[in-house]
Amino acid sequence: MPDLLDRYPLTTGTYHELLDDSGAVRTHWRRLFDQLQRSTPAQLLQRQSLLARQIQENGVTYNVYADPKGADRPWELDLLPHVIEPQEWKHLSAGIAQRARLLNAVLADLYGPQRLISEGLLPAELVFGHNNFLWPCQGIAPPDGSFLHLYAVDLARAPDGRWWVTADRTQAPSGAGYALENRMIVSRAFPDLYRDLKVRHLSGFFRTLQETLARQAPSDGESPLVVLLTPGRFNESYFEHLYLARQLGYPLVEGGDLTVRDATVYLKTLSGLRRVHAIMRRLDDDFCDPLELRTDSALGVPGLLEAVRQGRVLVANALGSGVLESPGLLGFLPKINQYLFGEELLLPSIATWWCGEPPVLAQALEKLPQLLIKPAFPSQSFSPVFGRDLSEAQRGQLAARMQARPYAYVAQELAQLSQAPVWQAEDGQIQPRAIGMRMYAVSGKDDYRVLPGGLTRVAAEADAEVVSMQRGGASKDTWVLSEQAPGGEQWKAQRTVGVHDLVRRDPYLPSRVVENLFWFGRYCERCDGSARLLRIMLARYVDGDDPQALQSAVALGESLMLLPEEGELPERLLAALLGDDWSFSLRSNLQRLQWAASQVRGKLSRENWQALVELQREAMELETEEADFGELLDFLNRLVMSLAALSGFALDDMTRDEGWRFLMIGRRLERLQFLSSSLAAFLRSDAVFDQAGLEWLLELGNSSITYRSRYLAVAQLIPVLDLLLLDEQNPHAVLFQLKLVARTLKRLNDDFAAPKETALPELVVRLSRFDLRCLENPLFGEASLRAALDGLADLLQEVADVSGQVSDRLALRHFAHVDDVSQRTVSV
Amino acid sequence: MNAHYQILHDTHYHYDSPVSLAQQLAHLWPRACDWQRCTEQQLLISPEPTTRRDELDVFGNPLTRLAFERPHDELLVNARLSVEVLARPELDFNLSPAWESTCNALTYTGRPLAAPLLEACRYRFESPYVHLKRSFVEFSESCFPPGRPLMVGVRALMEKIFEEFTFDAEATQVATPLVEVLERRRGVCQDFAHLMLACVRSRGLAARYVSGYLLTQPPPGQPRLIGADASHAWVSVYCPVLGWVDFDPTNNVQPALEHITLAWGRDFSDVSPLRGVILGGGAHDPEVRVTVMPLES
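Residues numbered from 1 in each chain as written. Chains lettered and ligands numbered in written order. Predicted model: local features only at pLDDT ≥ 70, side-chain atom pairs only at ≥ 80, totals over all residues.

Going by the annotation in an unreviewed UniProt entry, the name recorded for chain B is Transglutaminase, with Pseudomonas thivervalensis given as the source organism.

What follows is the structure, encoded as structure tokens:
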């Protein structure tokens, strides 16, 4: 490797994480740097691709991956960690813990006696004017006086080498999950170095979080159920919610999964309501309860606040803690800390002026070109602006705006960011980029515990001065070095699980998840059926050698509503495959499949999810304009294979809990409906007398190979029908599926004490009695053969209809309460 | 001279489909204040709520929490009140300080804040229905020339709203944004109260929303009709010298013996008479009947 520093600019006036003022590599960076220097470009490339692969495989995203219309943004992670040496860490962690203690005490005062305001230490404007100061929470005292369970702070390093606080996150701090995920990935890219440098582990932090929530949850002697409340999959950090829920072992729920009865929170599961003792929320506090807080919130849990007030549930962070997320507070904290604790703050915060005091406003207006002007409250429709970016006229407008309501504005000095090296795979070198750090503290038994690590965010551009994941920046793992080997941090293995604690089923499966598993199953099969039929048509269209078979397949497609009726055949085929406006198109069904899957992502293994993402990606990449039919045929072949893989995952990869049962019932009902309605339509057509028609019917029923190996003959009506209709060994035969559905449903209905389905067993009897001999020697010739076929078609149509009704009843019985939407009422 | 009233406030929800779960918050009991006594109060509720809790909300108003956990097709909440309203002292508005100095007294200076001022600060800022905009400052500009005593300015504002706005029950709904009310120059008592709050608060002053009832007179020669009245709303503005003073912009009067106070808060959302969240229910429209009957004392 050529000298990595040759093309690494040492700019003056900023702090370099890698280099000291003389341009020499800093001591705590030396090991890592030497390793980089020793590596060949190929080795680093290999590490880099290992990293990229893991991000892709783990499905780490910032936006939502699965939303076909949303922007898929894979998580950006730099190969090189940000490194913090032990002394610096000691200072940082003491400062962060102190700050967390202070902010917790401020919350306790604001939702209690409000002495800080009456004593003049904190402006009423900053508190009562803040949309996240929730009056209905006034007077609520949370367990242990803990308002702030999880706290995050944003830090920037000034040229003097000191870290400065730029913002506090007290509402529902995000990013700790990404920090954990970053660690898992980067530590594997440098396994030896990671061990040799004695990098401190992150697991203890998350264990403390679990312990705190479990300890503070009002459990009334029950073992506490903690859930993670997410606003849902459209949130930009939904991946993190999923990831944290898995790591912490908490069910991931949405507002609609919870209900409050008699001031107690319950999770709606298939087997009834289960009490929830603690909620770790990732939902903004004013959205949490449409009864008492924001009445326009559709995401919250009506009555949650009263449950909190009655001490029946723990919410972390406490509702109302968002009030501290205002840059206006920064300047008041040092005095408050003196007042409350008699201490200096260990970490300085960036120079900030709240404009609510007339002399301060005057000063800020004078220095406008050098300052960053920010809104004091998140509800304001005002984005931060740099005074220097404004014209004279714009500055005048801004000043007028600030004078009209001075307390809503905050002036801040520009944060100066330090530069850290990032690895650039394209040109095989390191380059400096501005970084900021987000660090976390969690409330422990006696004090706050700080995460020895964090989320380091990297500016997107070489000259950028702002770091923000929303603006397309990347991230870094954060390595805190220690003097002795970190030990005793085996997080997952900590709790001893005895025989008594063994769990054989997931008792906390939300009904919503079960419903989506059911639809996931149905859409898998629906896509499979539709793909097979389209493949039959497309292959015959491309070959062009059997117009009659093509014609009969098209007729079936029409009767099954899998082919639009208008237009020329090529256009119709294209619409059936990729049509965005035709709601029965294969692509639309794939999207529904993906939607259902994304709702149940927590239940799918990584491989399973990966297969789905791949499937979706391919479907979206297909060109609608100037489609190539050969390419489309190839896609259908791969699609059928991928769907088979999903079916394999369902059978072999998933735990057979309640959710799985519903998934399988969904699959079976859909297949039964597809097979029986296809066969019914087929039997009514002339294709029954056409060998080519029978051939494609075998293909549709995925039974060509079985047929050939059994009969070594061309397709004929009676053996084909035997195989696709009555063969109880063939999973693509109607009778096989019918019996399976009847059996599965009986067991399910027994388990849930639901009324028996009588129609299905009856159909089993009728279909089993069907004698193929009536097709062999029709007593009255052609006419009676047609009559026999029509009678069979009627029976099959009945099977299809009944399976549709069964599905509706099932949904009504088990998921109806999921659909019930709560609505708000108001009267004057 | 005192006035006695009997008040009936009936709310009736008839749901299209059964409601399986409902939680309601009722602000239907009058709060105690210096100029008003409630001598009798009853809340009749059907169906019987699964739970009922009576307490004071954070603004000091009586609040009834109701939960219904059994399916029901309708909900009836009938309040029956007997209230005595006492005369309030005459105030000389010229005694109130200049509006700017009131604003300064409420502004943060780093000095300790006396309890009444701290209390007033609760009502100085944006709230769910009252967003603060420059247009409200501009609208009220003529009422607040420099140096004018606060309450004289507020009275001028009340008159201005009364004169320039048309009462129109069809013009607005609960959620009509204030800027729209300002633009269209029409609305109902709630809109006028919110508008007046926005004008006062946009100038850095403190004002709260008062919900209650108003005695109305039947047309001459006709009997008083049961249920012909409605709930009413007005505002109260804080003055460091005179205390909280009520203004009714809908009628251009200072509430006295004919206004019955129910509750106050930052705006309608804090004190709406009955609001809730229901599961199921389909379409529904509440039928509300209010009757204010003067009693001979």
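The helix and strand tally for chain B stands at seven helices and 13 strands. Computed over C-alpha atoms, the radius of gyration of chain B comes to 20 Å, within 12% of the 19 Å expected from 2.2 N^0.38 for 297 residues, which places it in the range of a compact globule. Overall, chain B is about 60 × 40 × 40 Å in size when its C-alpha atoms are taken along their principal axes. The burial tally for chain B puts 45% of its 297 residues in the buried class. (Helix = DSSP H or I, 4+ residues; strand = E, 2+ residues; numbered from the N terminus. Rg over C-alpha atoms; globule rule 2.2 N^0.38 Å. Buried ≥ 20, exposed ≤ 12 C-beta atoms within 10 Å, placed from the backbone.)

Below, the discussion takes up the sheet that holds strand E11 (residues 259-265) of chain B. Residue and element names in this part refer to chain B. With respect to topology, four strands assemble into an open sheet ordered E10-E9-E8-E11, the strand pairing being antiparallel. Where the open sheet ends on each side, the last strands, each with one partner, are strand E10 (243-247) and E11. Pairwise comparison of adjacent strand axes, ignoring direction, gives a mean angle of 35° for this sheet. Here strand E8 (residues 207-214) pairs with strand E9 (residues 231-239) via seven bridges, running antiparallel. From the neighbouring strand, Ser211 faces E9, where its bridge partner is Ala233. Most of the contacts of helix H4 (residues 150-164) go to E10, to which it runs at about 20°, and overall it touches E9 and E10. (Pairing = 2+ DSSP bridges. Axes fitted to C-alpha atoms, helices over the stretch in contact; angles between N-to-C directions. Contact = placed C-beta atoms within 7 Å.)

The subject of this paragraph is the environment of Leu228(A). Residue and element names in this part refer to chain A. Within the fold, Leu228 resides in strand E4 (residues 226-229). For Leu228, a count of 20 C-beta atoms within 10 Å corresponds to the buried category. As a C-alpha pair, Leu228 and Arg281 span 53 residues in sequence and 5.8 Å in three-dimensional space. Ignoring anything within four residues of it in the chain, the contact list for Leu228 reads His241, Leu244, Ala245, Tyr250, Leu252, Val253, Met280 and Arg282.

Our focus in this paragraph is the domain arrangement of chain B. Residues and elements named next belong to chain B. Under the domain assignment used here, chain B contains domain 1 (3-85 + 272-295) and domain 2 (93-269). Once you take the C-alpha centre of each, domain 1 and domain 2 turn out to be 25 Å apart. With 21 residues of domain 1 at the interface, the matching set in domain 2 holds 19 residues. Of all elements in the fold, only strand E1 (3-26), strand E5 (72-85) and strand E13 (286-295) reach the threshold of two or more residues within the side of domain 1 that touches domain 2. By residue number, the principal contributor to the side of domain 1 that touches domain 2 is E13, which donates six residues. Taken together, the residues of the side of domain 1 that touches domain 2 break down into 13 nonpolar, six polar and two charged. (Domains from an automatic or database assignment. Nonpolar A, V, L, I, M, F, W, Y, C, P; charged D, E, K, R; others polar.)

The next point concerns the packing of helix H14 (residues 511-543) of chain A against helix H19 (residues 629-652) of chain A. In a pair of packed helices, the angle between the axes and the distance between the axes together describe the arrangement. Residues and elements named next belong to chain A. Packing of H14 against H19 leaves a shortest axis separation of 9 Å and a crossing angle of 150°. Relative to H19, H14 is oriented roughly antiparallel. In this structure, H14 crosses over H19, and the sense of that crossing is left-handed. Seen from H14, the contacting residues are Cys524, Cys527, Asp528, Ala531, Arg532, Leu534, Arg535, Leu538, Ala539, Tyr541 and Val542; seen from H19, they are Phe629, Gly630, Leu632, Leu633, Leu636, Leu639, Val640, Leu643, Leu646 and Ser647. Looking at the contact of H14 with H19, its residues break down into 16 nonpolar, two polar and three charged. (Parallel < 35°, antiparallel > 145°, perpendicular 65-115°, else oblique. Left-handed = near helix turned anticlockwise from the far one by under 90°.)

Contacts between chain A and chain B engage 34 residues on the former and 41 residues on the latter. Mapped by element, the contributors of at least two residues to the side of chain A that touches chain B are helix H4 (115-118), helix H5 (124-128) and strand E21 (822-827) of chain A. In terms of residue count, E21(A) provides more of the side of chain A that touches chain B than any other element does, six residues in total. Its residues assigned to classes, the side of chain A that touches chain B shows 12 nonpolar, 13 polar and nine charged. The pairing of E21(A) with strand E12 (residues 274-280) of chain B spans six bridges and is classified as antiparallel. Bridge pairing links Ser822(A) to Leu279(B) in E12(B).

Our next topic: the nonpolar core. Counting 190 residues, the largest nonpolar core has Val227(A), Cys355(A), Met439(A), Tyr440(A), Met196(B), Val235(B) and Val237(B) as the members making the most contacts within it. With nine residues, the top contributor of residues to this core is helix H6 (residues 189-202) of chain B. Look past the residues within four positions of Val235(B) in its chain and what remains in contact with it is Ala193(B), Met196(B), Leu197(B), Ala207(B), Arg208(B), Tyr209(B), Val210(B) and Phe247(B). (Core = buried A, V, L, I, M, F, W, Y, C linked by C-beta atoms within 7 Å.)

To continue, consider the UniProt feature "domain: Transglutaminase-like" (unreviewed entry) in chain B. Residues annotated by UniProt as "domain: Transglutaminase-like" (unreviewed entry) correspond here to residues 181-251 of chain B. Annotated as residues 181-251 of chain B, this span is 25% helix and 34% strand, and its ends, taken at the C-alpha atoms, are 17 Å apart. (UniProt positions renumbered as here; feature names shortened; annotations may be inferred.)

A few words on unusual backbone geometry. Residues and elements named next belong to chain A. Here Ala316 and Asn317 are connected by a cis peptide whose omega angle stands at -10°. The residue Asn317 is located in the loop between strand E10 (314-316) and helix H11 (333-341) in this model. For Asn702, which is not glycine, the phi torsion reads 50° and is therefore positive. Mapping Asn702 onto the fold places it in the loop between helix H21 (691-700) and helix H22 (704-711). Asn702 gets classed as partly exposed once you count the C-beta atoms within 10 Å, which come to 16.

Residues and elements named next belong to chain A. Sheet topology note: the strand E7 (residues 264-269)/strand E8 (residues 272-275) ladder contains four bridges and is antiparallel. The residue of E8 that forms the bridge with Leu267 is Arg274. As consecutive antiparallel partners, E7 and E8 are separated by two residues.

With that settled, the discussion passes to the sheet that holds E10(A). Residue and element names in this part refer to chain A. Taken together, four strands build an open sheet; the order of strands is E5-E4-E9-E10 and the sheet is parallel. Where the open sheet ends on each side, the last strands, each with one partner, are strand E5 (252-253) and E10. As paired elements, strand E9 (residues 278-281) and E10 share three bridges and run parallel to each other. Note that in E10 the partner of Ala278 across the bridge is Leu314.

Attention now moves to the packing of H21(A) against helix H23 (residues 717-726) of chain A. All names here are of chain A. The interhelical angle for the contact between H21 and H23, taken along N-to-C directions, is 15°, at an axis separation of 11 Å. Comparing the axis directions of H21 and H23 gives the class roughly parallel. In terms of crossing hand, the pair formed by H21 and H23 is left-handed. Counting all contacts with H21, which are made through Leu694, Leu697 and Leu698, the residues of H23 involved are Leu717, Val720 and Leu724.

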